[in-house]
Amino acid sequence: MKNIVIPKPWDASLYQEKHSFVWQYGEELLQILNPQPGERILDLGCGTGQLTEKIAQAGAETIGIDNAPEMIEKARQNFPQLRFEVGDGRNFQVDTPLDAVFSNAVLHWIQEASLVINNLQAALKIGGRFVAEFGGKGNVNAITQALYESLEEIGVSNPIARNPWYYPSIGEYASLLEQHGFDVNYAVLFSRPTPLTAGDEGVANWIEMFASNFFTGLTVEEKSWVIRLVEDKLKPTLYQNGSWIADYRRIRIVAVKRNPTATTATTTINP
Ligand code: BEZ
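To start, this report covers the structure provided alongside it. Because the structure is predicted, anything quoted here is derived from the model rather than measured.

The rules behind the values
- Residues numbered from 1 in each chain as written.
- Predicted model: local features only at pLDDT ≥ 70, side-chain atom pairs only at ≥ 80, totals over all residues.
- Heavy atoms only, no water.
- Phe/Tyr/Trp six-rings, centres within 6.5 Å; stacked < 30°, edge-to-face > 60°.
- Helix = DSSP H or I, 4+ residues; strand = E, 2+ residues; numbered from the N terminus.
- Buried < 20%, exposed > 50% of the residue type's maximum accessible area, 1.4 Å probe, protein only.
- Lys NZ or Arg CZ within 6 Å of the ring centre and 35° of its normal.
- Pairing = 2+ DSSP bridges.
- Right-handed = clockwise from strand over helix to strand, strands pointing away.
- Axes fitted to C-alpha atoms, helices over the stretch in contact; angles between N-to-C directions.
- Parallel < 35°, antiparallel > 145°, perpendicular 65-115°, else oblique.
- Left-handed = near helix turned anticlockwise from the far one by under 90°.
- Contact = heavy atoms within 4.5 Å.
- Nonpolar A, V, L, I, M, F, W, Y, C, P; charged D, E, K, R; others polar.
- Near = heavy atom within 4 Å.
- Polar contact = N/O pair within 3.5 Å; in protein donor to acceptor, adjacent residues only side chain to side chain.
- Salt bridge = Lys/Arg side-chain N within 4 Å of Asp/Glu carboxyl O.
- Core = buried A, V, L, I, M, F, W, Y, C linked by side-chain atoms within 4.5 Å.

### Regarding the packing of aromatic side chains
Right, on to step 1. The full count for this structure, using the stated rule, is 10 aromatic pairs.
Right, on to step 2. Taken together, a centroid distance of 6.5 Å and an interplanar angle of 55° make the contact between Phe130 and Phe182 tilted. Separated by 52 residues along the polypeptide, Phe130 in strand E5 (residues 124–135) and Phe182 in strand E6 (residues 182–195) bring together distant segments of the chain. For the pair Phe130 and Phe182, one class covers both residues: buried.
Right, on to step 3. The rings of Trp109, Tyr148, Trp165, Tyr167, Trp206, Phe210 and Phe214 are connected pair by pair, giving a single aromatic cluster.
Right, on to step 4. If you follow Lys223 out to its NZ or CZ, it ends over the ring of Phe215, 5.6 Å from the centre.
Right, on to step 5. One Lys or Arg, Lys235, reaches over the ring of Tyr239 and ends 4.5 Å from the middle of that ring.

### Description of the pairing of strand E2 (residues 61–66)
Right, on to step 1. Along E2, 5 of the 6 residues are buried, which leaves the element largely enclosed by surrounding structure.
Right, on to step 2. Both strand E1 (residues 40–44) and E2 contribute to a ladder of 5 bridges, which runs parallel. Bridging across to E2, Ile41 finds its partner in Thr62.
Right, on to step 3. As a crossover connection, the stretch from E1 through helix H4 (residues 50–57) into E2 is right-handed.
Right, on to step 4. Pairing of E2 with strand E3 (residues 83–86), which is carried by 4 bridges, proceeds in the parallel orientation. Within E3, the residue paired with Gly64 across the bridge is Phe84.
Right, on to step 5. Since E2 and E3 lie parallel, the crossover through helix H5 (residues 69–78) that links them has a hand, and here it is right-handed.

### A short note on the packing of helix H9 (residues 202–210) against helix H10 (residues 220–238)
Right, on to step 1. Orientation of H9 relative to H10, taken along the N-to-C sense of each, is 130°, at an axis distance of 10 Å. One way to sum up the angle between H9 and H10 is to call them oblique. In the crossing of H9 with H10, the sense of the turn from one axis to the other is right-handed. Here Val203, Ala204, Ile207 and Glu208 of H9 come into contact with H10, specifically with Lys223, Ile227, Arg228, Val230, Glu231 and Leu234.
Right, on to step 2. The residue makeup of the contact of H9 with H10, split by class, is 6 nonpolar, no polar and 4 charged.

### A look at the site of the ligand
Right, on to step 1. In the neighbourhood of the ligand, the contacting residues comprise His108, Trp109, Asn139, Trp165, Tyr167, Trp206, Phe210, Tyr248 and Arg250.
Right, on to step 2. Within the side chain of Asn139, an N or O atom sits 2.7 Å from an oxygen atom of the ligand.
Right, on to step 3. Between the ligand and Arg250 there is a distance of 2.6 Å, counted from an oxygen atom to a side-chain nitrogen or oxygen.
Right, on to step 4. For the shell around the ligand, the secondary-structure elements that each account for two or more residues are H9 and strand E8 (243–257).

### Thoughts on the pattern of salt bridges
Right, on to step 1. Counted by the stated rule, this structure contains 16 salt bridges.
Right, on to step 2. In this structure, Arg40 and Glu61 form a salt bridge, with 3.0 Å as the shortest nitrogen-oxygen distance. Remark: Glu61 occurs in strand E2 and Arg40 occurs in strand E1; sequence separation between them is 21 residues.
Right, on to step 3. Taking the shortest distance from any N to any O, the salt bridge between Glu133 and Arg192 comes out at 3.1 Å. With Glu133 in strand E5 and Arg192 in strand E6, this pair connects stretches of sequence that are 59 residues apart. Taken as a pair, Glu133 and Arg192 share a single burial class, namely buried.
Right, on to step 4. When salt bridges with common partners are traced through the structure, they connect Glu28, Glu133, Arg192, Arg250 and Arg252 into a single cluster.

### Examining the environment of Gly49
Right, on to step 1. Note that Gly49 resides in the loop between E1 and H4.
Right, on to step 2. The exposure class assigned to Gly49 is buried, which follows from its relative accessible area of 0%.
Right, on to step 3. With 184 residues separating them in the primary sequence, Gly49 and Lys233 have C-alpha atoms 35 Å apart.
Right, on to step 4. Setting aside its immediate chain neighbours within four residues, Gly49 contacts Ala75, Phe79 and Phe84.

### Some details on the nonpolar core
Right, on to step 1. Membership of the largest hydrophobic core comes to 48 residues, with the highest contact counts inside it found for Ile143, Trp206 and Phe215.
Right, on to step 2. Ranked by the residues each element gives to this core, the list is headed by H9, at 6 residues.
Right, on to step 3. Leave out the neighbours within four places in its chain, and Ile143 touches Val203, Trp206, Leu234, Leu238, Ala246 and Asp247.
Right, on to step 4. One finds Leu42, Leu44, Ala113 and Phe182 within the second-largest nonpolar core, a separate group that totals 27 residues.

Quick look at the structure:
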């Protein structure tokens with residue numbers, strides 16, 4: 001009998017041990033958040049909780065949510081003094097309005113950006129801030145193209161339909177925020193070539209961890225074959241001195257919930 005690939009739940013230990021760069025890069029975003037003592041701050045997509053804990057260290061009251069129960073279990077083990085709940089960016093609810101929502105390296109997993117933004121708008125105080133970084137337009141483009149081509153080479157039709165990611169441009173995402181009652185104060189899209197751990201196995205590990213959706217229904221042998229093809233295609237550009245470098249591009253954005261009753265200042269020009 002053939003072994004068919006079924007997407008697995010998140011492996012929280014593998015994530016924590018081999019992909020710590022995810023929250024290490026998040027430290028800069030924490031400086032932008034600038035959490036203050038007593039603020040109520042939600043970490044949306046907290047993973048194994050490392051950044052939530054940093055926010056709490058600043059004296060803020062935190063809650064970390066993640067839609068993967070395995071991540072929440074690990075976060076609770078790591079930081080038993082903090083509050084972590086299974087929750088989804090599209091429909092989480094809070095009892096008391098928040099001063100800020102922070103989100104690092106998560107929102108590219110949610111195609112329904114309007115639902116998330118609507119929800120943020122409901123959860124924040126007026127003047128509350130949304131501070132996020134995630135994959136932006138062009139993120140992991142070389143890896144994604146190599147996956148498409150390799151899947152097609154083994155006979156998978158329409159591999160684009162297997163892509164689970166959402167990588168908006170600044171214009172697209174800032175417009176959505178404005179349509180949902182936010183003022184966008186800061187937005188930037190930048191390349192951040194990201195060294196992957198595990199030497200020669202770096203890109204294979206990354207694909208195992210993050211790209212399982214592309215392999216649904218394939219055999220284990222087909223998956224290994226596709227990964228080898230991807231490595232061959234990417235080696236000339238993304239492998240340097242014994243290390244794989246992923247072609248990350250980040251969108252970083254800060255938006256503030258507008259007061260819906262405030263009148264917009266108008267300027268009268270006297271003729
Ligand atoms: C990212 O952080 O850009 C990313 C991580 C996993 C899958 C896709 C993108």
